[in-house]
Amino acid sequence: MITLTINEKEVSLDKPVSVLEAARQAGIKIPTLCWHEALKPYGGCRLCVVEVERMPRLQTACTLMAADGMVVKTESETISKVRRGILELLLINHPLDCPYCDKAGECELQDLVNKYGPTVGRYKEEKRKVPESHKDQIFARNMERCVVCTRCVRMCNDQQGASAISIMGRGDHSRMEPFSAASFNCEYCGNCLTVCPVGAILSRLYMHSFRPWQVDSEVETICSYCGVGCSLVVQVRDDSIKRVIPKIGLGVNKGLLCSRGRFGYEYINSQDRLKTPLVRKNGVLEQSTWSEALDLVAERLSSIKKTEGGPAIAGIASPRCSNEDNYVFQKFIRMACGSNNIDSISRTGYAAAQKYFEELLGQGITTNMIEGLKNSEVIFVVGGDPTAVNPILGLSIREASRRGAKIIVLGNAKGLERFKTLQVVPPVFKDAEVLEQLLVSISNARGVRGEKLDVDKGIRALSDKNSGNMDIEGFEELKQALLNSPSTSIVFGMDLVQRTNGHRAIFAAAGLTYLLEARLYLLSDRPNEQGLIDAGCVPEMLPGGRPLNIHDFKRKFETEWGGPIPDEDGKTLFEIIEGAGKKSIKALYIMGENPVFNLPDGTYVKNALQSLDFLVVQDIFLTETARMADVVLPARGWTEKTGTYTNLERRIQLQKKAVNTASGMEDWKIISEISVKMGYKMAYSDAENIMDEIAMVSPLYRDLTYREIGKGNCLWPYHGEPLRGEIHELPAMVDTANVYNAEFYLTLEKPLFHSGTLSRRSPALMKICPEPTLKMSWAAAQKLGLQDGDRAQVLTAAGSSEAPVTIDDSIKDNKVLLSNNFEGKGLFDLLTYKLDPVTRAPGIEGCEVRIIKT
């Protein structure tokens, strides 16, 4: 215990901290400009000087460690005089443009000058003149205002790990500059905006549009993009979102944001939003009333159920909708429509992987806190770039690297290029084989654990077929690093799930997790992939992960829901699409999803949906899928409704309503009204009322309330009862001995600046990344005679597209990458697929491609 006195107030500390932090704990404010709670102490501005007994001169509180018995004074005439002098020196060059500056009202320099002076300047030097830069599409720079606190540079280097900016020049010519002259050319996280104390760096999204004191409300909520579930603050004026900012220390992101979270909010205010229901009449979608649209949906679904049976109806849920929305949706499909045909786009990756991992290792195996990554000795990254898919999780990996962890990448992860200790490049599309050989090698060294008999059996079967050695660079070093690590984390991306042998990669990763006693993290593209699974939006599971084929579980839900749940096995996503094409599925209800664009072989999917007798799409935009619908129902989006989301840690978080809107209706409300019209009563007053029901019927969510969830610490297994045992026996491994000897293969890129199709409705993100680019290695570009920026035509057996070329140093093989985010230019229109026989996820590997310079 350390006890010191600050301003005659006794302060007790449990651990050593600086005098500045000790004062903060005691509620005593010491002025600073260079210090920030998210950064390491710097001691540059000297404004935090304090008097300490028995020390001959003033000390900087941010760098001086508190000691037992220390007596500190933070305010005196001497201290004020020094602070006033420092501020006077800063104002020699700082322009007095507060009425014009967008930082006015939240400028730290303005506040300090207001408190300490000086009232007039004694120095006559001419102020430096640096032209304000608006060359960047997102950031504006005014280096006349810069006080050279270096917060932005330290944030970029030490926290974000991007190292995209630096202090240039010397003396009073010092200024912050990006390394690229015209624009920042960075990760556009905007975390430099968070820490800048003055108006030197500003976001162009809201410049000259409002003042901080004009904000009507600030609402703490969560991000709408990926599965991390970052906390943020939405600032609202006149029922319009003006700005999204983080709050230091809040949520899993601790005050950091990525480009999508900070700048991607504008889609919610888009003029393209659906405002009224649409009904197809004479082949054309026309505006309709809610009454007419809901009556038509209820009538057609009831008719199909009566004539064709419940299994002729299917539903596709959404990982962008809340737990409450998805719970009500699966209940509607099962009880009102009489079908277990309920699945989601997550079947293409997360849901397929999570199900198989849990079948192998038990429920909760993927439930690990992101913060735990920072304490790992070895982090093994496979199947994707975490800094692009889940950027904040990627920052934890970078932080682990700074703490001395070994970062090992199998394949390609551009965002970890400067942080990786080792990169192992497998033969093209042979990642599963490398993982299997690695598993056998680890098993030979460690032996089996004897705790999971089916997994042990599978490992022994692999050992009978594999030697455990592989002649690729870095394999032996990888093996030794894993064997010698006391604390290992495995970060598993969905690129390896979207293979015809994806189950083999999953089993190998599960085996490594099991033998190494490692933490397992699944990368998640969308905000509620885990939540929709737990809510029951999979064909074989009821809410809370209860198997549908276990009679006691099924009977409990039937009792609570007041009716029979169908006995027929439900169809997975691609079985639903296939059923639509073969006309065994007559009606499809799609909530918040765009399968025509977001599924591979878009032409096949489109033709299948055209074969339906009735298609309902519920969304916030008229998507490619919505344009095909018989009825389109406008829903409400992020910040327009309240609900809970479950992130990839399995942490349940509360998304709060921040703005009012006259258009659209909550997803759960639309569904419940249709259900009532079909004869199955759903009477919910609000989303909290739905969560109360979930907590009552699902053993996993038992006794959960919005009050508890709102505190932010609602972690699995909550107060519930997870299923501890494995549910199924190990399925047979399918050997897919494919030969890949084409010159180039086309694969999916998951870009940092886009996510699904929502981000293309965000003007800011479209300015950063306005179109897809064809990424390839230097070797591939030289072979094709292409340079950075050239345009090239991409031709596959399924179609063609055109995109500018980007040469990417991190690509080490003959794959070329294209994203699937931009309307009319999606990768999935160029790919076909084969289903993995175990996970039922689509295998999209092996797409041969021709590339022609245009």
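Bear in mind the structure is a predicted one, so any value in this text is a computation, not a measurement. (Residues numbered from 1 in each chain as written. Predicted model: local features only at pLDDT ≥ 70, side-chain atom pairs only at ≥ 80, totals over all residues. Heavy atoms only, no water.)

(A) The overall build of the chain, seen in detail. Secondary structure assignment for the chain yields 25 helices and 38 strands. With the C-alpha coordinates of the chain rotated into their principal frame, the extents come out at 90 × 65 × 60 Å. Evaluated residue by residue, the chain yields a buried proportion of 63% over its 854 residues. Excluding contacts between residues fewer than 6 apart, the proportion of contacts in the chain whose partners are at least 24 apart in sequence is 72%. In the form shown here, the chain has an accessible surface area of approximately 33,200 Å², with 47% of it arising from carbon and sulfur atoms. (Helix = DSSP H or I, 4+ residues; strand = E, 2+ residues; numbered from the N terminus. Buried < 20%, exposed > 50% of the residue type's maximum accessible area, 1.4 Å probe, protein only. Contact = heavy atoms within 4.5 Å. Areas by Shrake-Rupley, 256 points an atom, 1.4 Å probe, with all protein chains shown as cover.)

(B) Focus on the sheet that holds strand β12 (residues 240-245). Taken in spatial order, the three strands of this open sheet run β10-β11-β12, and their pairing is antiparallel. A strand with exactly one partner marks an edge of an open sheet, and here the two such strands are β10 (217-222) and β12. Direction aside, neighbouring strands of the sheet carry axes that sit 30° apart on average. Strand direction decides the pairing type here: β10 and strand β11 (residues 231-237), joined by six bridges, are antiparallel. In the strand pairing of β11, Glu220 is matched with Val233. (Pairing = 2+ DSSP bridges. Axes fitted to C-alpha atoms, helices over the stretch in contact; angles between N-to-C directions.)

(C) Fine view of the domain arrangement of the chain. Examined at the domain level, the chain breaks down into domain 1 (2-75), domain 2 (124-269), domain 3 (288-346 + 528-710), domain 4 (350-522) and domain 5 (745-853). Summarising the inter-unit geometry, the C-alpha centres of domain 2 and domain 4 are found 35 Å apart. The junction of domain 2 with domain 4 conceals about 1,100 Å² of combined surface from both sides, 52% of it contributed by carbon and sulfur atoms. Across the pair Glu187 and Arg398 runs a salt bridge whose closest N-O atoms are separated by 2.7 Å. Connecting domain 2 to domain 4 are eight residue pairs in polar contact (both at pLDDT 80 or more). Tallying contributions element by element places helix α4 (residues 151-160) first for the side of domain 2 that touches domain 4, with four residues. For the side of domain 2 that touches domain 4, a count of residues per class yields eight nonpolar, seven polar and four charged. (Domains from an automatic or database assignment. Buried area = accessible area lost by both parts, 1.4 Å probe. Salt bridge = Lys/Arg side-chain N within 4 Å of Asp/Glu carboxyl O. Polar contact = N/O pair within 3.5 Å; in protein donor to acceptor, adjacent residues only side chain to side chain. Nonpolar A, V, L, I, M, F, W, Y, C, P; charged D, E, K, R; others polar.)

(D) Highlighting the layout of surface pockets. By volume, the second largest pocket is sized at about 1,200 Å³. Taken together, 43 residues form the lining of the second largest pocket, with His36, Glu106, Glu108, Arg151 and Thr194 sitting closest to its centre. Of all the elements in the fold, those that place two or more residues in the lining of the second largest pocket are α1 (19-25), α3 (108-116), α5 (191-195), β9 (201-203), β10, β11, β12 and α6 (259-263). When residues of the lining of the second largest pocket are assigned to their parent elements, the largest contribution, five residues, is made by α3. Taken together, the residues of the lining of the second largest pocket break down into 23 nonpolar, five polar and 15 charged. Residue assignment places the lining of the second largest pocket across two domains, with domain 1 (2-75) and domain 2 (124-269) each supplying three or more. (1 Å grid on protein atoms, 1.4 Å probe; cavity = no way out; pocket = protein on both sides within 12 Å on 5 of 7 lines; lining within 4 Å. Points joined across faces, edges and corners; volume = space filled by probe spheres on them.)

(E) Local environment of the sheet that holds strand β29 (residues 714-715). The strand order across the open sheet built from three strands is β27-β28-β29, with neighbouring strands paired in antiparallel fashion. The outermost strands of the open sheet, each flanked by one partner alone, are β27 (643-646) and β29. The sheet contact formed by β27 and strand β28 (residues 651-655) spans four bridges and is antiparallel. Residue pairing for β28: Tyr645 is matched across the bridge by Gln653. Contacting β27 and β28, helix α8 (residues 323-336) runs over the sheet at an angle of about 90° to β27.

(F) A look at the packing of helix α12 (residues 431-446) against helix α15 (residues 502-516). Between α12 and α15, the least distance of the axes is 8 Å, while the angle of their chain directions is 25°. With respect to each other, α12 and α15 are oriented roughly parallel. For the pair α12 and α15, the crossing hand works out as left-handed. Between α12 and α15, the residues in contact are Ala432, Glu433, Leu435, Glu436, Leu438, Leu439, Ile442, Ser443 and Arg446 and Arg504, Ala505, Phe507, Ala508, Gly511, Leu512, Leu515 and Leu516, respectively. Per-class residue counts for the contact of α12 with α15 are 11 nonpolar, two polar and four charged. (Parallel < 35°, antiparallel > 145°, perpendicular 65-115°, else oblique. Left-handed = near helix turned anticlockwise from the far one by under 90°.)

(G) Structural view of unusual backbone geometry. Cis geometry marks the peptide bond from Gly117 to Pro118, where omega comes out at 0°. In this structure, Pro118 sits in the loop between α3 and β6 (139-141). A cis amide bond links Trp716 with the next residue in sequence, Pro717, at an omega value of 5°. Here Pro717 lies in the loop between β29 and β30 (745-748). Of note, Asp703 is a non-glycine position whose phi angle comes to about 70°, a positive value. Along the polypeptide, Asp703 turns up in the loop between α22 (687-697) and α23 (706-709).

(H) Broad picture of the nonpolar core. Among the nonpolar cores identified, the biggest contains 112 residues, and Leu301, Phe332, Phe380, Phe492, Tyr589 and Ile674 are the most heavily contacted of them. Of the residues forming this core, the biggest block, 10 residues, is contributed by α15. Summarising the domain contributions, this core has at least three residues from each of domain 3 (288-346 + 528-710) and domain 4 (350-522). Those residues in contact with Phe492 that lie beyond four places of it in its chain are Phe357, Val382, Val497, Ala505, Ile506, Ala509, Leu520, Tyr521, Leu522 and Leu523. (Core = buried A, V, L, I, M, F, W, Y, C linked by side-chain atoms within 4.5 Å.)

(I) Seen up close, helix α7 (residues 290-308). For α7, spanning 19 residues, the distance from its first C-alpha to its last is 27 Å, which sits close to the expected 27 Å at 1.5 Å a residue. Those residues of α7 that fall on the buried side of the exposure criterion are Ala293, Leu294, Val297, Ala298, Leu301 and Ile304. For α7, the angular spread of the buried residues around the axis is 135°, confining them to a single face. What points out from α7, more than 90 degrees from its buried face, is the exposed set Glu299, Lys306 and Thr307. Positioned one or two residues after α7, Gly309 has a phi angle of 95°, which is positive. (Expected span 1.5 Å × (residues − 1). Arc of directions from axis to C-beta.)

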